[in-house]
Number of protein chains: 2
Amino acid sequence: MTGAAEHGTDTRTRLLDAAMRLFTERGFAKVTVRDITAAAGANLAAVSYHFRDKAGLYEEVLALGLRSAQEMNAEVMLPREGHSPEERMRHYVRQYLPRIIRTDGRGGIYQLLKHEMSDPTPIARTYVRQAIMPRIEFLIEIVREMLGGTASDARVQRCVMSIQAQCLYFLPDPFKNLVAGDWQPGTSDQIREMADHIADFSLAGIRALGEARRGPRVRPR
Amino acid sequence: MTGAAEHGTDTRTRLLDAAMRLFTERGFAKVTVRDITAAAGANLAAVSYHFRDKAGLYEEVLALGLRSAQEMNAEVMLPREGHSPEERMRHYVRQYLPRIIRTDGRGGIYQLLKHEMSDPTPIARTYVRQAIMPRIEFLIEIVREMLGGTASDARVQRCVMSIQAQCLYFLPDPFKNLVAGDWQPGTSDQIREMADHIADFSLAGIRALGEARRGPRVRPR
DNA sequence: AGACGATTAATACAGTTGTTTGAATAGTTT
DNA sequence: AAACTATTCAAACAACTGTATTAATCGTCT
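S.K.: Pulling in residues and values, what's your account of the environment of Gln-111 of chain A?
M.R.: Looking at where Gln-111 of chain A falls in the secondary structure, it is placed in helix α6 (residues 109-114). For the pair Gln-111 of chain A and Leu-171 of chain A, spaced 60 residues apart in sequence, the C-alpha separation works out to 7.1 Å.

S.K.: I'd like to hear about the protein's contact with DNA strand D, residue by residue, with values.
M.R.: If you check the shell around DNA strand D, you find 17 residues, and the closest are Val-33, Arg-34 and Lys-54 of chain A together with Thr-11 and His-50 of chain B. Put simply, 51% of the atoms of DNA strand D that lie within 4 Å of the protein are in sugar or phosphate. With respect to DNA strand D, the backbone of Val-33 of chain A contributes an N or O atom lying 2.8 Å from a phosphate oxygen. At a separation of 2.8 Å, a phosphate oxygen of DNA strand D approaches a polar side-chain atom of Lys-54 of chain A. Contributing elements (two or more residues each) for the surface near DNA strand D: α2 (33-39) of chain A together with α3 (46-51) of chain B.

S.K.: Could you give me a rundown of the interface of chain A and chain B, with the residues and numbers involved?
M.R.: The partner chain B presents 58 residues to the 58 residues of chain A that form the contact. The contact between chain A and chain B buries some 5400 Å² in all, and 71% of this surface belongs to carbon and sulfur atoms. In terms of surface lost to chain B, no three residues of chain A exceed Phe-175, Trp-183 and Phe-201 of chain A, which account for 14% of the buried area on that side. Taken together, chain A and chain B are joined by two salt bridges. Note that Arg-158 of chain A and Glu-193 of chain B form a salt bridge whose closest N and O atoms lie 3.9 Å from each other.

S.K.: Describe the relation of the copies chain A and chain B, and please don't skip the residues or the numbers.
M.R.: Least-squares fitting of chain A to chain B yields an RMSD of 0.1 Å, with the superposition described by an axial translation of 0.0 Å and a rotation of 180°. The relationship between the two copies is best expressed as a two-fold rotation axis. Residue by residue, 100% of the interface of chain A is reproduced at the interface of chain B, so both copies engage with the same surface.

S.K.: Give a detailed account of the packing of helix α8 (residues 153-168) of chain A against helix α8 (residues 153-168) of chain B, specifying residues and quantitative values.
M.R.: Remark: α8 of chain A packs on α8 of chain B, axes separated minimally by 8 Å, with the N-to-C direction vectors making an angle of 110°. Considered as vectors, α8 of chain A and α8 of chain B are oriented roughly perpendicular to each other. Of the residues in α8 of chain B, those in contact with Met-161, Ser-162, Ala-165 and Gln-166 of chain A of α8 of chain A are Met-161, Ser-162, Ala-165 and Gln-166 of chain B.

S.K.: For the protein's contact with DNA strand C, give the residues involved together with the corresponding values.
M.R.: The environment of DNA strand C is made up of 18 residues, and the closest members are Thr-11, Tyr-49 and His-50 of chain A together with Val-33 and Lys-54 of chain B. In DNA strand C, atoms within 4 Å of the protein come 50% from sugar and phosphate. Tyr-49 of chain A has a polar side-chain atom sitting 2.8 Å from a phosphate oxygen of DNA strand C. Between DNA strand C and Lys-54 of chain B, the relevant distance is 2.8 Å, taken from a phosphate oxygen to a side-chain nitrogen or oxygen of the residue.

S.K.: So what about the environment of Ser-162 of chain B? Which residues, and what values?
M.R.: Mapped onto the elements, Ser-162 of chain B comes out in helix α8. Taking the C-alpha atoms as reference points, Ser-162 of chain B and Ile-198 of chain B, 36 residues apart in sequence, are found 9.6 Å from one another. The contacts of Ser-162 of chain B, once residues within four sequence positions are left out, are Gln-166, His-197 and Phe-201 of chain A.

S.K.: Give a detailed account of the packing of helix α5 (residues 85-101) of chain B against α8 of chain B, specifying residues and quantitative values.
M.R.: When two helices pack together, their arrangement is given by the angle between the helix axes and by the axis-to-axis distance. Residues and elements named next belong to chain B. Packing of α5 against α8 brings their axes to within 10 Å, and their N-to-C directions diverge by 30°. When the interaxial angle is binned, α5 and α8 end up roughly parallel. Relative to α8, α5 is oriented so that their crossing is right-handed. Residues Met-89, Tyr-92, Val-93, Tyr-96, Leu-97 and Ile-100 of α5 lie in contact with α8, whose contacting residues are Ile-163, Gln-164, Cys-167 and Leu-168. Residue classes in the contact of α5 with α8 are distributed as nine nonpolar, one polar and no charged.

S.K.: Run through helix α1 (residues 11-26) of chain A, naming residues and quoting values.
M.R.: All names here are of chain A. The terminal C-alpha atoms of α1, which comprises 16 residues, lie 22 Å apart, in line with the 22 Å expected from a rise of 1.5 Å per residue. Of all the positions in α1, only Arg-14, Leu-15, Leu-16, Ala-18, Ala-19, Met-20, Leu-22, Phe-23 and Thr-24 are classed as buried. Close packing links the buried residues of α1 with α2, α3 (46-51), α4 (54-76) and α6. Within two residues after α1, Gly-27 carries a phi angle of roughly 85°, on the positive side.

Cut-offs applied
Residues numbered from 1 in each chain as written. Chains lettered and ligands numbered in written order. Predicted model: local features only at pLDDT ≥ 70, side-chain atom pairs only at ≥ 80, totals over all residues. Heavy atoms only, no water. Helix = DSSP H or I, 4+ residues; strand = E, 2+ residues; numbered from the N terminus. Near = heavy atom within 4 Å. Polar contact = N/O pair within 3.5 Å; in protein donor to acceptor, adjacent residues only side chain to side chain. Contact = heavy atoms within 4.5 Å. Buried area = accessible area lost by both parts, 1.4 Å probe. Salt bridge = Lys/Arg side-chain N within 4 Å of Asp/Glu carboxyl O. Least-squares fit on C-alpha atoms with pLDDT ≥ 70 in both. Axes fitted to C-alpha atoms, helices over the stretch in contact; angles between N-to-C directions. Parallel < 35°, antiparallel > 145°, perpendicular 65-115°, else oblique. Left-handed = near helix turned anticlockwise from the far one by under 90°. Nonpolar A, V, L, I, M, F, W, Y, C, P; charged D, E, K, R; others polar. Expected span 1.5 Å × (residues − 1). Buried < 20%, exposed > 50% of the residue type's maximum accessible area, 1.4 Å probe, protein only.

Structure follows, in structure tokens:
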């Protein structure tokens, strides 16, 4: 009875779990080694021993997050051949949105990286390429197909941005809850409803921009 | 010649300027009092003397940001009566987007508050109500008018979210530059182009959701 | 049992942070 | 000029942080 392990797991794993949760909640800088070791029921020196230093632990946590993000990507980008771009897009949003919204511990790399937005670590660059860019490419492919081959790259990119922006808006954010807390979809039904809204809204937008070849520019003022 | 004032302004003003810039760049926690006083060419104790403490200085900076945000709101929500909702929406985005994007010092409250998203201060709540909510209400009004009186509150809210999300996506963000640095509109022409895209895209989306009274739900799988 | 390597524990250390203190200086009034 | 107030300054303080150190403990093998 050392007063430490409340679970059966070993210290190293408990540290990783606690660090994943805390880093996701508050970001690297705002979590102290003492916070982590206390939450894990471990000694202060355990971080140095098992992970060299705080940064080493953070890297391992990011690696875990990257893996879970890549698994997510696989599911989100599933239907490729044999489905219309509209179907692929709807499937994408329906799968992606719930994973963006959910706040449970291993919540994926996005919530981890969100804190890096304020002060990005060099590590971030790698993870952007490996976990985020593939999804962007996937969306580009879909949108280009819907707009038709004649659409300019810039137009395709803007449409991808519109989709991406609507999804990323739902990254858990204590701040946004102040603005419109009651709007946030909570139940899985509400999330599904929101996903379908984003799909419908965006499909209409893309369709309109695809038809008007030389920019609609309604009433140019 | 005390070695301090390089400008003609007094210490208090220099501290406010430096603090505004630094807090906007890095957020409250990541800026030290020594950073601020050094940037302002003032003594370390000047913050305590003029603003009670670091938090007091932060409050005054937020107050300045709130005022500039409210001035912005006035311009952004200008055309009300006598203009179609489409026109008001386009004007809104065209005015709002450049102010979101620009990164110059007194860049408004959004970039200040962005850092609070990670760890919100109680102060934030006030500023959300006074600077952000009015704009949301403005958008609600516009969207409701376009959707028609029969549209449910939830549907109106979702459309407002879609517009808001596309605009907020362009908050300066060192992280997003990694994802799609070259997409970011830089020149005022590019910004205008992006604003018109958001307006066109969203108008099409709203129009589609307005026509299909009982949800389009294309190919419900 | 004894020895050895791996792990955990308590404590100390150096650096940084926000804040305070008390003296020095500048500016104004009498 | 003297007195007084407002401001600036250098130095110090206490709290907190990441890390290193050294001893204690555990499990396993001979």
